[in-house]
Amino acid sequence: MVAKTLLLSGEVKSLSDLLAIIDKTPFSREAKTTPERFNRMLDNPALFRLGDIYNMAQIIGVDDRLLLNLIHNEYIKQRKKKG
């Protein structure tokens, strides 16, 4: 999977980078969530549950912590924008 290669190489540094290389709707369904909920989580990374992150990491084929850090960084970035 291209996403795995780019994540491991460090080229994907944000959720928007990741979304540029995956198709959201099929990916969200494979990650066992609805496209609507997936979009809400993308808009507000605080809504991601660990299970969501673990499912996504497994689909992509990367370590859970790599995806957790990506989502955490997105959360921090959005929090700084708001406050």
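For the structure itself, look to the data block above.
This is a predicted model, so every value here is computed, not measured. (Residues numbered from 1 in each chain as written. Predicted model: local features only at pLDDT ≥ 70, side-chain atom pairs only at ≥ 80, totals over all residues. Heavy atoms only, no water.)

Asker: Can you lay out the pattern of salt bridges for me, pointing to particular residues and giving the numbers?
Answerer: Tallying each qualifying case throughout the model produces 3 salt bridges. For the salt bridge of Arg-65 with Asp-63, the shortest nitrogen-to-oxygen distance reads 3.0 Å. Here Arg-65 falls in the exposed class, since its relative accessible area comes to 57%. We classify Asp-63 as partly exposed; its relative accessible area is 40%. Two residues, Glu-74 and Lys-77, come together in a salt bridge whose shortest N-O distance is 3.6 Å. Here Glu-74 and its partner Lys-77 are both found in helix α6 (residues 64–82), 3 residues apart, which amounts to about one turn of the helix. The class of Glu-74 is buried, set by a relative accessible area of 10%. (Salt bridge = Lys/Arg side-chain N within 4 Å of Asp/Glu carboxyl O. Buried < 20%, exposed > 50% of the residue type's maximum accessible area, 1.4 Å probe, protein only. Helix = DSSP H or I, 4+ residues; strand = E, 2+ residues; numbered from the N terminus.)

Asker: Kindly report on the side chain of Ser-28, identifying the contributing residues and their values.
Answerer: Note that Ser-28 resides in helix α3 (residues 24–30). Exposure remark for Ser-28: the relative accessible area of 0% places this residue in the buried category. Those residues within four positions of Ser-28 in sequence are excluded, and the remaining contacts are Thr-33, Thr-34, Pro-35 and Phe-38. (Contact = heavy atoms within 4.5 Å.)

Asker: Summarise the packing of helix α5 (residues 50–60) against α6; cite the residues concerned and give the values.
Answerer: Contact pair α5 / α6: the axes reach a minimum separation of 8 Å and the direction vectors enclose 120°. In terms of orientation, α5 lies oblique with respect to α6. Of the two elements, α5 crosses α6, and the hand of that crossing is right-handed. Residues Leu-50, Ile-53, Tyr-54, Met-56, Ala-57 and Ile-60 of α5 lie in contact with α6, whose contacting residues are Asp-64, Leu-67, Leu-68 and Ile-71. Residue composition of the contact of α5 with α6, by class: 9 nonpolar, no polar and 1 charged. (Axes fitted to C-alpha atoms, helices over the stretch in contact; angles between N-to-C directions. Parallel < 35°, antiparallel > 145°, perpendicular 65-115°, else oblique. Left-handed = near helix turned anticlockwise from the far one by under 90°. Nonpolar A, V, L, I, M, F, W, Y, C, P; charged D, E, K, R; others polar.)

Asker: Tell me about the side chain of Thr-33, residues and numbers included.
Answerer: Structurally, Thr-33 is set in the loop between α3 and α4 (35–43). The buried category is assigned to Thr-33, whose relative accessible area is 12%. Engagement of the side chain of Thr-33 in a polar contact is seen with the side chain of Arg-37, the distance being 3.1 Å. If we ignore the near neighbours within four places in the chain, the residues touching Thr-33 are Ser-28, Phe-38 and Met-41. (Polar contact = N/O pair within 3.5 Å; in protein donor to acceptor, adjacent residues only side chain to side chain.)

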